[in-house]
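Each chain, letter by letter, is given below.
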Amino acid sequence: MRAKYDVAVIGGGVIGALAARELKKYELSAVVLEAADDVAAGASKANSGIVHAGFDAVSGTLKAKYNVLGNAMMETVCRELGVTFRRNGSLVVAHGAEEEAQLQTLLARGRENGVDGLELLTREQVLEKEPHSAGDVTAALYAPTGGIVCPYGLTIAAMGNAMDNGAELLCGFEVCGAQKEEAGWTLFSSDGRQVTARVVVNCAGAGAEYVADLLGGASFRIGLRRGEYMLLDKTAGGHVSHTVFTVPTKAGKGVLVTPTADGNLLVGPTSVEDEMYSTAVRRPAYDEIRGKALSMIADIPFGQVITSFAGERAYSDRHDFILEWGAEGVYHAAGIESPGLTSSPAIAAEIAKEVSDALGAKKNEKFDPVRRSAHWFRELPPEEKNAVIARDPAYGRIVCRCEEVTLGEILEATRSNPPARTLDGVKLRTRAGMGRCQSGFCQPSVFNELMKEFGMKAEEVTKNGGKSYLIMGGEL
């Protein structure tokens, strides 16, 4: 039996999740089809989390348009979804006259793109804003509208809000075939499931070209560019207060040094062209990141690195966002590389407008845009925490010492939309395992709670779905 919907969104990254949320602002039935076992499984969990001001994108491109629009929307979207967002401002630092000339270019481009508040700073002004700036920094472009957000937090909250408003999510739905029918498209999963939709929205990220080929043929090609990062402990989070960039190159915006929305210090990324999808971190990446980062910011305490990670960024051969109708009933949102995260609220609104217009859908007057923060408990004052614990003692038991995550928060993550069914799922929703010990102490407890909550056997619990099993038989 096949399920039928008005719209099927392929891909549960930040674009797909926000698109589903925007679609539910109309009287449309919608489903998100995600190949992985959870949302935010690709680039949406492994990126810089930067909300770009909009001075880098070439004027007149879709990147330039949606960057500025998305930046303006981000604060409201995050407030509605209970997601951490901070407008900390950004600096592009220059070393000498040649790079200072490039700052002038970025300044002019930013003003043409409609970015507010851009300002060129002298060396003395840079040091005033960032006292740890490297000794040979001579000037900087300052963008006060730049910000930081939790990318996976935004994705999960957007998907949850869409589901709270009636959207559905099918994980492990790897689209392997598609058939055009009079009523729309029937999509086939590799595990035998089928879904029919009047309109299909392709938000498949690295798989967008493959999906487009299934849906009438791709008019674009997708390439992969890996970005590797180093994440430092929260004790290093105050080393910089702004997001600090090098002057950008053709390969991207280069290595940056930034506080994260959760208080860590993030350094990276590299830019590695890949033929095959890979999230491995190369050994030479550490030296490359260190060298470039120290050219901007001195005395970075790299001894406090707690983990490294990598993400694949999908870009198109058009080197711009692809937002267009393809075959009948197919809308493509592909090649959404940087500044894709920043642009995501505006891109999602555009997708929903295009699809709702095509289907003649009315506004959904019952749509509720508000979702409680996943971290509501830790944000409470002590007396209110005590009141919650009196009602539910699970909130009084600390499971993750590094991040002070309680059992109550972990159980809530397994029971709310979309539910966390893996160790990484709990981690992305609660931060249990993201601290200094990187789950060394809390993993056994989380493991056992997943077993109890879902009736799993020990050998069925996974790190991040698929075959990422942790043990073979027996309770941990």
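Each remark here, short or long, concerns the structure printed above.
Peer 1: Describe the overall build of the protein, naming the residues involved and giving the relevant values.
Peer 2: What the protein contains, in helices and strands, is 12 helices and 22 strands. Against the globule reference of 23 Å for 476 residues, the protein gives a C-alpha radius of gyration of 22 Å, in line with a compact fold. Principal axes of the C-alpha set define a box for the protein whose edges measure 65 × 55 × 45 Å. Across the 476 residues of the protein, 54% fall into the buried class. Residue pairs in contact within the protein that sit at least 24 positions apart in sequence constitute 70% of those at least 6 positions apart. Total accessible area on the protein is roughly 19900 Å²; 50% of this is exposed by carbon and sulfur atoms.

Peer 1: Go over the pairing of strand E16 (residues 265–268), please, and point to the residues and values.
Peer 2: Remember that side chains alternate between the two faces of the sheet whenever the strand is regular. The alternating pattern of E16 places Leu265 and Val267 and Leu266 and Gly268 on opposite faces, both of which are buried. Bridging between strand E13 (residues 222–232) and E16 involves 3 bridges; their strand directions are antiparallel. Each bridged residue has a counterpart across the sheet, and for Leu231 the counterpart in E16 is Leu266. Pairing between strand E15 (residues 256–259) and E16: 4 bridges, direction antiparallel. Of the residues in E16, the one forming a bridge with Leu256 is Gly268. The hairpin formed by E15 and E16 contains 5 residues between the paired strands, and Gly263 there has a positive phi angle of roughly 100°.

Peer 1: I'd love a proper account of the pattern of salt bridges, names of residues and values included.
Peer 2: Using the criterion set out here, one finds 28 salt bridges in the structure. A salt bridge links Arg371 to Asp164; the shortest N-O distance between them is 2.5 Å. Taken together, the residues span a long stretch of sequence, with Arg371 in the loop between helix H8 (340–359) and helix H9 (382–391) and Asp164 in helix H5 (residues 151–164) at a distance of 207 residues. Note that Arg282 is salt-bridged to Glu288, the shortest N-O span being 3.7 Å. Three or more residues joined by partner-sharing salt bridges are found here, namely Lys63, Arg225, Glu273 and Glu337.

Peer 1: Provide a residue-level description of the nonpolar core, including the pertinent values.
Peer 2: In terms of nonpolar packing, the biggest core is built from 52 residues, with Leu154, Met159, Val201 and Ile351 touching the most fellow members. Not counting residues within four places of it along the chain, the set of residues in contact with Met159 comprises Ala17, Ala20, Val32, Val39, Glu168, Leu169 and Pro418. Counting 23 residues, the second-largest nonpolar core is a separate cluster that includes Leu91, Val255, Ile289 and Ile300.

Peer 1: I'd like a description of the environment of Ala458, backed by residues and values.
Peer 2: Mapping Ala458 onto the fold places it in the segment after helix H12 (443–454). Separated by 14 residues in the primary sequence, Ala458 and Met472 have C-alpha atoms spaced 7.5 Å apart.

Peer 1: Tell me about the layout of surface pockets, and please be specific about residues and values.
Peer 2: In this model, the second largest pocket occupies a volume close to 410 Å³. Residues of the lining of the second largest pocket, tallied by class, amount to 11 nonpolar, 8 polar and 7 charged.

Peer 1: Could you give me a rundown of the packing of aromatic side chains, with the residues and numbers involved?
Peer 2: Evaluation of the coordinates by the stated rule reveals 5 aromatic pairs. Ring plane angle 15° and centroid distance 4.9 Å describe the contact between Tyr229 and Phe309, whose orientation is recorded as stacked. Taken together, the positions of Tyr229 in strand E13 and Phe309 in strand E18 (residues 305–316) put the pair 80 residues apart, joining distant regions of the chain. When its relative accessible area of 22% is taken as the criterion, Phe309 is described as partly exposed. The ring of Phe377 carries Lys385 above its face, with NZ or CZ at 5.7 Å from the centroid. The ring centre of Phe454 lies 4.2 Å from the NZ or CZ of Arg421, which sits over that ring.

Peer 1: Which residues make up the side chain of Glu22, and what are the values?
Peer 2: Here Glu22 lies in helix H1 (residues 14–23). Once residues within four sequence positions are removed from consideration, Glu22 is found in contact with Ala348, Ala349 and Ala352.

Peer 1: Which residues make up the pairing of strand E5 (residues 90–94), and what values do they have?
Peer 2: Of all the 5 residues making up E5, 5 are buried; the element is thus mostly covered by neighbouring parts of the structure. Side-chain alternation along E5 places Ser90, Val92 and Ala94 on one buried face and Leu91 and Val93 on a second face that is also buried. When E5 meets strand E7 (residues 139–143), the two strands line up antiparallel, connected through 5 bridges. Opposite Val93, over in E7, you have Ala140 as the bridge partner. Relative to strand E14 (residues 243–245), E5 runs parallel, the two sharing 3 bridges. Its bridge partner lying in E14, Val92 is registered against Phe245.

Peer 1: Any details on unusual backbone geometry? Residues and values, ideally.
Peer 2: For the bond running from Gly268 to Pro269, omega is 0°, close enough to zero to count as cis. Of note in the backbone geometry, Ala40 takes a positive phi value of approximately 55° without being a glycine. Among the secondary structure elements, Ala40 is positioned in the loop between strand E2 (30–34) and strand E3 (50–51). Take Ala40: its relative accessible area is 1%, and that puts it in the buried class. A positive phi angle is found at Arg431, which is not glycine, with a value near 75°. As for its position among the elements, Arg431 is in the loop between helix H11 (423–430) and H12. A relative accessible area of 5% means that Arg431 is categorised as buried.

Peer 1: If you had to explain helix H2 (residues 62–81) to someone new, which residues and values would you point to?
Peer 2: At Met74, H2 is bent by approximately 40°, the largest bend along its length. Every buried residue of H2 is accounted for by Lys63, Ala64, Tyr66, Asn67, Gly70, Asn71, Met74, Val77, Cys78 and Leu81. Where H2 terminates, the next one or two residues include Gly82, which has phi positive at roughly 70°.

What counts, and where the lines are drawn
Residues numbered from 1 in each chain as written. Predicted model: local features only at pLDDT ≥ 70, side-chain atom pairs only at ≥ 80, totals over all residues. Heavy atoms only, no water. Helix = DSSP H or I, 4+ residues; strand = E, 2+ residues; numbered from the N terminus. Rg over C-alpha atoms; globule rule 2.2 N^0.38 Å. Buried < 20%, exposed > 50% of the residue type's maximum accessible area, 1.4 Å probe, protein only. Contact = heavy atoms within 4.5 Å. Areas by Shrake-Rupley, 256 points an atom, 1.4 Å probe, with all protein chains shown as cover. Pairing = 2+ DSSP bridges. Salt bridge = Lys/Arg side-chain N within 4 Å of Asp/Glu carboxyl O. Core = buried A, V, L, I, M, F, W, Y, C linked by side-chain atoms within 4.5 Å. 1 Å grid on protein atoms, 1.4 Å probe; cavity = no way out; pocket = protein on both sides within 12 Å on 5 of 7 lines; lining within 4 Å. Points joined across faces, edges and corners; volume = space filled by probe spheres on them. Nonpolar A, V, L, I, M, F, W, Y, C, P; charged D, E, K, R; others polar. Phe/Tyr/Trp six-rings, centres within 6.5 Å; stacked < 30°, edge-to-face > 60°. Lys NZ or Arg CZ within 6 Å of the ring centre and 35° of its normal. Bend = angle between axes of the 7 residues up to and from the residue.

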